[in-house]
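Residues per chain are reported as follows:
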Amino acid sequence: MVRCKFKLDSITRSIATWLPPQREIWNVRMSPVYANSDPNHENSKFWQAAPSGSFELSTVNKEAVESLELGKEYFIDITLAQKDG
């Protein structure tokens, strides 16, 4: 597993006209945390390991997006998905 730490930068709403029926779609954008002036701080350690990147997700699940707060930091865990069957 790889654990990444990102800050929520923006949440935007649009209408997905290609989804029948048309529905709201929420776009979430995050960026990796930046170094802290304290070299022992978790964000400084993460910055040294992964200094750049982005995370973007689009979803129709409004409730999931409503649980997020702009400017807050979140962990994103990357784990191998086992193939079904």
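Our structure is the block above this text.
The rules behind these values
Residues numbered from 1 in each chain as written. Predicted model: local features only at pLDDT ≥ 70, side-chain atom pairs only at ≥ 80, totals over all residues. Heavy atoms only, no water. Salt bridge = Lys/Arg side-chain N within 4 Å of Asp/Glu carboxyl O. Helix = DSSP H or I, 4+ residues; strand = E, 2+ residues; numbered from the N terminus. Buried < 20%, exposed > 50% of the residue type's maximum accessible area, 1.4 Å probe, protein only. Pairing = 2+ DSSP bridges. Phe/Tyr/Trp six-rings, centres within 6.5 Å; stacked < 30°, edge-to-face > 60°. Lys NZ or Arg CZ within 6 Å of the ring centre and 35° of its normal.

Undergrad: I would appreciate a short explanation of the pattern of salt bridges in the present structure.
TA: Oppositely charged side chains are able to pair whenever their charged atoms sit close together. Scanning the model with the defined rule gives 6 salt bridges in all. Ionic pairing is found between arginine 13 and glutamate 24, a salt bridge with its closest N-O pair at 2.5 Å. One end of the pair, arginine 13, is in strand 1 (residues 2-16); the other, glutamate 24, is in strand 2 (residues 23-32), with 11 residues separating them in the sequence. The class for arginine 13 is partly exposed, based on a relative accessible area of 46%. The exposure class of glutamate 24 is partly exposed, given its relative accessible area of 29%. Arginine 29 serves as the salt-bridge partner of glutamate 56, at 3.5 Å between the closest nitrogen and oxygen. Here the residue glutamate 56 occupies a position in strand 3 (residues 55-59), and arginine 29 occupies one in strand 2, the gap between them amounting to 27 residues.

Undergrad: Before we go on, may I ask you to explain the pairing of strand 1 in this structure?
TA: Pairing of strand 1 with strand 4 (residues 73-78), which is carried by 6 bridges, proceeds in the antiparallel orientation. Its bridge partner being in strand 4, lysine 7 is matched across the sheet by glutamate 73. One ladder, built from 10 bridges, connects strand 1 with strand 2; its direction is antiparallel. If you follow leucine 8 over to strand 2, its bridge partner there is methionine 30. What sits between the antiparallel neighbours strand 1 and strand 2 is a turn of 6 residues.

Undergrad: What is the right way to read the packing of aromatic side chains from this model?
TA: Note on aromatic pairs: each is described by the distance of the centres and the angle between the planes. Counted according to the given criterion, the structure contains 1 aromatic pair. The ring of phenylalanine 75 is capped by arginine 3, whose NZ or CZ atom sits 4.2 Å from the centre of that ring.

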